[in-house]
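Secondary and tertiary structure notes
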Number of protein chains: 2
Amino acid sequence: MTHPLLAKHRDTLDNALAAIADRGYFSIYPESPSPRVYGETAADDGKAAFTALLGQRFDIDQPGVRDHVATEDSPFGIDLGVEYPRTEPGALIDAATAAWPSWRDADPATRAGVCIEILERIHKDVFTMANAVHATTGQPFVMAFQAGGPHALDRGLEGVAYGYFEQTRTPATSYWEKPAGKGQVLAMEKTFTVVPRGVALVVACATFPTWNSYPGLFASLVTGNPVIVKPHPNAVLPLALTVRHAREVLAEAGFDPNLVTLAAERPDDRIAASLATDPRVRIVDFTGSTSFGTWLEDNARHAAVYTEKAGVNTVVIDSTEDFKGLCRNLAFTLCLYSGQMCTTTQAIFLPSDGIDTPEGHLSADEVIAGIAGAVEKLTGDDAKAVELIGAVSAGVADRVGDAAGLGEVVLASRAITHPSYPDARVRTPLLLKVTAEARKSYGTECFGPIAFFVTTSGTAESLNLVREVVTEQGALTMGVYSTDDAVLDATEQVSRDVAVHLSRNLYGGVFVNQTAAFSDFHASGGNPAANASLVDGAYVSGRFRVIESRRHVPPRANSLSRTRERTISPLVVLV
Amino acid sequence: MTHPLLAKHRDTLDNALAAIADRGYFSIYPESPSPRVYGETAADDGKAAFTALLGQRFDIDQPGVRDHVATEDSPFGIDLGVEYPRTEPGALIDAATAAWPSWRDADPATRAGVCIEILERIHKDVFTMANAVHATTGQPFVMAFQAGGPHALDRGLEGVAYGYFEQTRTPATSYWEKPAGKGQVLAMEKTFTVVPRGVALVVACATFPTWNSYPGLFASLVTGNPVIVKPHPNAVLPLALTVRHAREVLAEAGFDPNLVTLAAERPDDRIAASLATDPRVRIVDFTGSTSFGTWLEDNARHAAVYTEKAGVNTVVIDSTEDFKGLCRNLAFTLCLYSGQMCTTTQAIFLPSDGIDTPEGHLSADEVIAGIAGAVEKLTGDDAKAVELIGAVSAGVADRVGDAAGLGEVVLASRAITHPSYPDARVRTPLLLKVTAEARKSYGTECFGPIAFFVTTSGTAESLNLVREVVTEQGALTMGVYSTDDAVLDATEQVSRDVAVHLSRNLYGGVFVNQTAAFSDFHASGGNPAANASLVDGAYVSGRFRVIESRRHVPPRANSLSRTRERTISPLVVLV
């Protein structure tokens, strides 16, 4: 019998399945926070709901709660003071294990219906989520709404679609009939049952608590695994809301809410390490530092571990047909959320003797000045700037201060006073100019609003440097500007050799640091920045196994066999 | 343009793709060695071709050959004396790397066509292969023909089909169009390129040199990776033939033959370890011992490692509707190839107070005597016995001798003189009776013609023991005999919990140790016996990555977009 939640969401699932097959544009959760889309009161209602949470205990009725912790430090200086349950790691695993059987034994379609209902429930509360993401991450509000809400939900639905497809590509039952000579057949019925891998752990990051965790969360959940969500201590609220919605939907659908729990912690608890090394935890999704990601890969060997770590994203400027467009486009990339996207460009390579443009040949310094000028323009008005660059953590603010010595300062970082939040840490991008030799500066991730212009002997050297840096450090994105097909071809080859996705000649409303769910892959899994791609077959296929059972049945009237062979050896029938 | 080899094999590929989708019966290479199928002279021609190879140097024109080695020791005592090129490991990797680009850049369809042509070329020479497998492995001839030829080729084609599907589920190009407000759209063309992972190593075993290596070999090859084939020193000839055919087809199709090379070695060279730990080797497929398989998993961390190791296969006898059928069926399993299939049952659990049968209640000893009697019957006539049990290596012969002390001998192993091969090591199965406490005896793999009857307090304990042993040691197969639906249901649950494929109540011409390509999965990847399943999505999806490139294009006349949203926020357009 079809579960009512699957019936309700069947169209959504089918549309998502069609989208991952053609990888054209698809989105189901509207990205505009406009009252025309969400209603006149939606924004105010969400703000009020968010405000009502502040300074309160955020209860989650999960077992093993030891005490409560309030760990968030808003980059905007918003006084959150929300207390979350701090739970024994072992109790979370016990609860997940106890909750598992009915979810494990539900069919993939039912699980997909429940997962999509969770996404829809989160979406109904999207303005609360937007405020939570905004306050905890430092993202400007519209971005927090989009990246933290609809785009994260799209990525979650993408995980559901890939997970559902992967589970159902093998039929649940199959009839097998083999000719056995003299008109006889061997006939069997075979069942193929999805057996989920086990308890899953999602370790989220401080900057994109929902966007980076929803793919793993929903990919694990739809494939039948209970999920323990371990938020970053600085961005708990978005995932506490997520867990609460998930638990409500699960309970309403007749499942144990402990299939999704929250593992809030004190910053020094290292609960992620405790959880990941418990042999009962069989899947780990992680976004964060290279050091802890690598530690997880090395130490959670009993689990399937999917990591997204640090990298060095590059742009190669060779020549352009639209210099102003180049400057505007790159400036937006460098400014957006203070360069704190894992996809933001860090190193921009350009020939030291300049590039050809429609305005004639421009020197390297003229190119750099053009981009820096566009950044200045985007950040010149404080009130407008904060809606683009948001705010940063104390650690990032310190890093910006320290980074000025890493090269020739092309554009100094400016501390801005936020018009609404007097305690906000707001820093405009720091732009530095270095030579190719300064690999120590530009060649490792320098997270935050810090970017390097690297002058080279020409595009060939630029591409060689990209190849070397990305091979060593990894990358999630790469961009190129060129009017020369030979250069573009060479760049394509480099991007494939180092397994990084490439954006060519972006001048308009698409930016190298942005990916669209259902169409763009996020990370490739083929270089050190990530061992997985969001979302592809490899990302979901290891989250479960298919177990077969077979037995003889009477042969059917109409054979299904496809064979060229009708004779069989009498002695040894090796199937 | 369609490659001629793809055009030639398009139907085969499509049929294989249909078969993996419905998992019904499918086979393309006839399994009967009958002259009615293969022609009157095929068997003699193959024997002659095989004989002509003996005592000769088997030349393969690959670079870096140091010297030649003849390492094979036929279980039948057939004097092989074939010399194979022994090659520097580094030279093999260099050659594979140099050969790679044109294969890497070929499209998946072309690679599939070439792979199927290789399979067909091997098939044309199948009687030579059958003799080579027979002589090197000790398999009886008909089995060597079937398992070493058609069934191995079917498994290879299955790997091609899964690999092709996985590469093409993402379209090569996609048009993406997003509404950007006021009737404007953002339009992009995106290309998705399969980027193979890199040099692949296939480490083959001594008992099924082709069957166990073809899935990995062809899965890696079709996904664009060069393959170094490392045969077991005792079963080189089947893979030398394979490599020769592959190289010929590759060269004829315009590719570098060094895409497939042979890594023959002296037994103490440990070339597999040298190759697997070279950072340029990015994929390893292994069949063999748990110790080396685990070593590879632990030490080839830079590579995707797929292992099939040891395990303890079990059968639970609870009750039966056909006692004679049970005895015949299990006896065949225990005898076939002297229990040297990785899928052969090792431990048969039954209640110490016996079971219900149509002939009434039988005591445990009566059940054991029935099965032992069926084994005796199958092996009673020496000339017929050798065509079923084949021959064993010196190591296995020693193990059979040593194992008699592990329990109460129910049926002693007998050394048989082979009518055709006076030096053959032929041993009939040793059957032992033990109690549940004797876990040290029956609870670890005892490779060869050795099986244990384990008496228990009842089926509940039998299932508990299966759960414990398989959780600890892993297994590839499990069988159950019962007339009780509740027992069958409980057994199904155990099989899923320990991730082992189950066969229920086999009385006829299908045996628990046999799997059919395209329909049955071989191993699950979910217990210690193997970290992968032959063949599923997870087995192929990690052998390549998909790299995207995107650029703006003019919007098309007819939008392909599917969206519920037509408004967009003016400030921040986060894709």
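Residues numbered from 1 in each chain as written. Chains lettered and ligands numbered in written order. Predicted model: local features only at pLDDT ≥ 70, side-chain atom pairs only at ≥ 80, totals over all residues. Heavy atoms only, no water.

The helix and strand tally for chain A stands at 20 helices and 23 strands. For 575 residues, the compact-globule formula gives about 25 Å, and the C-alpha radius of gyration of chain A, at 26 Å, lands near that figure. On the principal axes, the C-alpha backbone points of chain A span a range of 85 × 60 × 45 Å. Long-range contacts, defined as pairs at least 24 residues apart, comprise 75% of the intrachain contacts of chain A with a sequence gap of at least 6. Element-wise, carbon and sulfur atoms account for 51% of the exposed surface of chain A, whose accessible area totals about 18700 Å². Side-chain charges in chain A split into 49 positive and 67 negative, and the spacing between the mean points of these groups amounts to 9 Å. (Helix = DSSP H or I, 4+ residues; strand = E, 2+ residues; numbered from the N terminus. Rg over C-alpha atoms; globule rule 2.2 N^0.38 Å. Contact = heavy atoms within 4.5 Å. Areas by Shrake-Rupley, 256 points an atom, 1.4 Å probe, with all protein chains shown as cover. Lys, Arg positive; Asp, Glu negative; His and termini not counted. Charge placed at Lys NZ, Arg CZ, Asp CG, Glu CD.)

This part is about the relation of the copies chain B and chain A. Overlaying chain B with chain A gives an RMSD of 0.0 Å, the required rotation being 180° about an axis along which the chain moves by 0.0 Å. A rotation of that kind, with that shift, is consistent with a two-fold axis. In terms of C-alpha distance to the rotation axis, chain B has Ala-538 of chain B as its closest residue, with the C-alpha 3.2 Å off the axis. (Least-squares fit on C-alpha atoms with pLDDT ≥ 70 in both.)

Attention shifts here to the interface of chain B and chain A. Many structure descriptions define interface size as the accessible area lost when the parts assemble. Taken together, the contact between chain B and chain A spans 101 residues of the former and 101 residues of the latter. Between chain B and chain A lies a buried interface of about 8700 Å² when both sides are counted; carbon and sulfur atoms form 49% of it. Applying the counting criterion to the chain B and chain A interface returns 14 salt bridges. With its nearest N and O atoms 2.9 Å apart, the salt bridge here joins Lys-178 of chain B to Glu-31 of chain A. For the interface between chain B and chain A, the tally reads 43 residue pairs in polar contact (both at pLDDT 80 or more). (Buried area = accessible area lost by both parts, 1.4 Å probe. Salt bridge = Lys/Arg side-chain N within 4 Å of Asp/Glu carboxyl O. Polar contact = N/O pair within 3.5 Å; in protein donor to acceptor, adjacent residues only side chain to side chain.)

All names here are of chain A. Between helix H7 (residues 141–148) and helix H8 (residues 150–168), the shortest axis-to-axis distance is 3 Å and the interhelical angle comes to 10°. In this view, H7 runs roughly parallel relative to H8, as classed from their interaxial angle. Counted together, Phe-145, Gln-146, Ala-147 and Gly-148 of H7 and Pro-150, His-151 and Ala-152 of H8 form the full contact between these two elements. Partitioned by chemical class, the residues of the contact of H7 with H8 number four nonpolar, three polar and no charged. (Axes fitted to C-alpha atoms, helices over the stretch in contact; angles between N-to-C directions. Parallel < 35°, antiparallel > 145°, perpendicular 65-115°, else oblique. Nonpolar A, V, L, I, M, F, W, Y, C, P; charged D, E, K, R; others polar.)

On to the side chain of Asn-505 of chain A. Structurally, Asn-505 of chain A is set in the loop between strand E21 (501–504) and helix H20 (537–541). At 2.9 Å, the side chain of Asn-505 of chain A forms a polar contact with the backbone nitrogen of Ser-482 of chain A. Leave out the neighbours within four places in its chain, and Asn-505 of chain A touches Val-480, Tyr-481, Ser-482 and Leu-488 of chain A together with His-552 of chain B.

Here helix H19 (residues 485–497) of chain A contains 13 residues, and its C-alpha end-to-end distance of 18 Å stays within 8% of the 18 Å for a straight helix at 1.5 Å per residue. Among the residues of H19 of chain A, Val-487, Leu-488, Thr-491, Glu-492, Val-494 and Ser-495 of chain A are the ones counted as buried. Seen from one end, H19 of chain A has its buried residues packed into an arc of 165°, which puts them on one side. Across from the buried face of H19 of chain A, at angles greater than 90 degrees, the exposed residues are Asp-485 and Ala-486 of chain A. Packed against the buried residues of H19 of chain A are helix H18 (459–473), strand E20 (477–481) and E21 of chain A together with strand E22 (544–552) of chain B. Looking at where H19 of chain A begins, the residue whose side-chain oxygen comes 2.8 Å from the main-chain nitrogen of Ala-486 of chain A is Asp-484 of chain A. One or two steps after H19 of chain A, the chain reaches Ala-499 of chain A, where phi turns positive at roughly 55°. (Expected span 1.5 Å × (residues − 1). Buried < 20%, exposed > 50% of the residue type's maximum accessible area, 1.4 Å probe, protein only. Arc of directions from axis to C-beta.)

Attention now moves to the pattern of salt bridges. Residues and elements named next belong to chain A. Taken as a whole and assessed by the stated rule, the structure comprises 70 salt bridges over all chains. The shortest N-O distance in the salt bridge between Arg-439 and Glu-468 comes to 2.8 Å. Taken as a pair, Arg-439 in helix H17 (residues 439–442) and Glu-468 in helix H18 lie far apart in primary sequence, 29 residues in all. Three or more residues are tied together by salt bridges with common partners; here these are Lys-8, Glu-117, Glu-120, Arg-121, Lys-124 and Glu-252.

Bear in mind that shape data such as this cannot, by itself, settle questions of function.
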